[in-house]
Every structure is written in C-alpha cells, then in structure tokens.
Amino acid sequence: DDTHHPPTFRDRLRRELQLRKTVRLPSNVLRQKFGHNAILDSGATSSFIKPNGGAKSTGQPSNKEVRMPNGQTLSTSFKALLPNTTLNPKARQCDILPGLQHNSLVNVDKLSDAGYCAIFMPGNQGVQVVDGNKVKINVSGEAVLRGWRDPQGLWRVPLEKGNSVPLSSQQLEESLNNVFDLPS
C-alpha cells in the first residue's frame with residue numbers, strides 16, 4: 001500500500017521521545033547522526049555556510065563583507081542554497097563564507113522574512129521552525145519581554161522592566177489577526 005497515512009499520536013510521541021534523547025548526545029555523535037548542521041543565529045546578518053558545509057552553490061558570485069567576533073573581516077565567495085528542501089526558496093538563500101571554520105550560521109531574520117516562526121523551547125527541549133502561515137500559536141500569558149527589530153535586522157529587547165515597546169494600532173490589529181497554534 002503506497003498511501004501515506006498521517007502519523008498517529010503514538011508515532012508522534014515515539015518521535016518526540018527519540019528527539020529528546022538525541023539532543024542530549026555529545027556534538028560529535030550529533031554530527032555523525034545529522035551530517036551538516038548550523039547554529040540558528042538571531043545575531044547574524046545573513047545565513048553563512050562554511051565551505052563544504054552542505055550548501056548548494058548557485059554559481060553566482062557573492063561579495064558580502066562579514067565582521068567576525070574576533071574583529072577579522074571575511075568575504076563571501078558564492079551565493080548558495082541550504083540543502084533542506086522543506087524550506088521555501090527565500091529561506092534557503094545563503095552565502096558561502098571561506099574562512100568560516102567551526103559552525104555555519106542560519107539566520108533567524110531570513111527565516112522570519114520568509115514566513116517562518118522560530119520557537120526556542122526551555123532547557124534542552126530544542127528549537128522548532130514552523131511555517132507561520134500553517135500553524136496557530138496560542139499564548140495564554142502576558143509577554144515578559146516585548147522587543148523590536150532594528151534597522152540592521154537585529155532583534156532588540158529592553159533591559160529595564162516597564163520599557164516594553166508599545167504596538168501601533170496597525171501592529172495590534174495584525175497581531176490579533178495572527179493567532180498561532182502549535183501542533184501538539
């Protein structure tokens with residue numbers, strides 16, 4: 001029978017338990033299990049993949065300058081696509097960054113601009129990236145931090161209590177119309 005059946009509750013539970021065991025494994029074991037991986041980074045200005053990091057080059061040159069934490073400046077070489085084809089084409093766009101040695105970086109802003117929501121779970125429960133047009137997230141409590149996206153695309157939050165960013169009436173209306181619910 002070639003028909004695809006939706007996963008049962010038991011299947012979803014088994015997968016969730018396996019994932020929870022997996023995220024507690026040492027990094028070298030995770031690398032063997034998952035192959036190419038990257039840090040999901042909200043502070044990067046774009047998605048940057050190290051050479052031989054699994055991205056598919058488009059052959060188009062890229063000339064971005066990237067300032068590294070140690071002050072060094074690196075230049076990208078080619079535009080590329082992340083190998084994960086479940087992401088839409090806009091989210092898959094990245095740049096090859098020769099000189100990036102340890103970890104490739106997938107940019108949260110790029111995912112957000114492509115319609116995705118990143119949900120960071122407490123502790124070692126992981127992160128989920130979901131299509132913002134296909135899920136509903138119900139928030140039952142008040143936000144403890146409310147921030148904004150600055151002109152460079154970085155996410156900012158106030159450090160002092162009571163300095164949250166008020167929403168404009170248009171943003172409030174959009175927020176009320178965008179109620180999200182995660183699958184359980």
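The structure this text deals with has already been given above.
What you see is a predicted model; the values in this text were computed from it and never measured.

### Section: the overall build of the protein chain
Argument step 1. Each helix and strand counted, the protein chain has five helices and 14 strands in total.
Argument step 2. Counted over contacts in the protein chain with a minimum sequence separation of 6, partners at least 24 positions apart contribute 49%.
Argument step 3. As presented, the protein chain carries roughly 13,800 Å² of accessible surface, and 53% of it is formed by carbon and sulfur atoms.

### Topic: the pattern of salt bridges
Argument step 1. Per the counting criterion, the structure on display carries two salt bridges.
Argument step 2. Residues Lys64 and Asp95 are paired through a salt bridge, measuring 2.9 Å at the closest nitrogen-oxygen approach. Of this pair, Lys64 sits in the loop between strand 3 (56-61) and strand 4 (65-67) while Asp95 sits in strand 7 (residues 93-96), and the two are 31 residues apart along the sequence.
Argument step 3. Of the residues examined, Lys64 reaches a relative accessible area of 35% and is grouped as partly exposed.
Argument step 4. With its nearest N and O atoms 2.7 Å apart, the salt bridge here joins Arg149 to Asp113. Placement of the pair is Arg149 in strand 12 (residues 148-149) and Asp113 in helix 4 (residues 108-113), with a sequence separation of 36 residues.

### Focus on a nonpolar patch on the surface
Argument step 1. A cluster of nonpolar side chains, Phe120, Val127 and Val129, forms an exposed patch at the surface whose accessible area comes to about 260 Å².
Argument step 2. Following the sequence through the fold, Val129 ends up in strand 10 (residues 127-131).

### Brief notes about the side chain of Lys110
Argument step 1. If you trace the backbone, Lys110 turns up in helix 4.
Argument step 2. It turns out Lys110 is buried and unbridged, and the closest side chain with the opposite charge, Asp95, is 6.1 Å from it.
Argument step 3. Each residue touching Lys110, except ones within four places of it in the same chain, is listed here: Ser46, Ser47, Lys90, Ala91 and Gln93.

### Quick look at the side chain of Ser46
Argument step 1. Along the chain, the position of Ser46 falls in the loop between strand 1 (38-41) and strand 2 (48-49).
Argument step 2. One polar contact links Ser46 to Lys64, side chain to side chain, over a distance of 3.3 Å.
Argument step 3. Apart from residues no more than four positions distant in its own chain, Ser46 is found in contact with Lys64, Asp95, Leu105, Asn107 and Lys110.

### Observations concerning the pairing of strand 6 (residues 78-81)
Argument step 1. Bridge count for strand 3 against strand 6 is three bridges, and the pairing is antiparallel. The partner of Ser57 across the bridge, within strand 6, is Ala80.
Argument step 2. Of the pairings in the sheet, the one linking strand 6 to strand 7 comprises three bridges and is antiparallel in character. Of the residues in strand 7, the one forming a bridge with Lys79 is Asp95.

### So, the environment of Ser75
Argument step 1. Topologically, Ser75 is positioned in strand 5 (residues 73-75).
Argument step 2. Separated by 20 residues in sequence, Ser75 and Asp95 have C-alpha atoms that sit 9.8 Å apart.
Argument step 3. Excluding anything up to four places from it in sequence, Ser75 contacts Lys64, Glu65, Leu97 and Pro98.
Argument step 4. Looking at Ser75, its side chain comes within polar contact range of the side chain of Glu65, at 2.7 Å.

### Section: the environment of Glu65
Argument step 1. Looking at where Glu65 falls in the secondary structure, it is placed in strand 4.
Argument step 2. Glu65 gets classed as exposed once you look at its relative accessible area, which sits at 55%.

Parameters at a glance
Residues numbered from 1 in each chain as written. Predicted model: local features only at pLDDT ≥ 70, side-chain atom pairs only at ≥ 80, totals over all residues. Heavy atoms only, no water. Helix = DSSP H or I, 4+ residues; strand = E, 2+ residues; numbered from the N terminus. Contact = heavy atoms within 4.5 Å. Areas by Shrake-Rupley, 256 points an atom, 1.4 Å probe, with all protein chains shown as cover. Salt bridge = Lys/Arg side-chain N within 4 Å of Asp/Glu carboxyl O. Buried < 20%, exposed > 50% of the residue type's maximum accessible area, 1.4 Å probe, protein only. Patch = residues over 30% accessible without salt bridge, like charges linked within 9 Å, V, L, I, M, F, W, Y side chains within 5 Å. Lys, Arg positive; Asp, Glu negative; His and termini not counted. Polar contact = N/O pair within 3.5 Å; in protein donor to acceptor, adjacent residues only side chain to side chain. Pairing = 2+ DSSP bridges.

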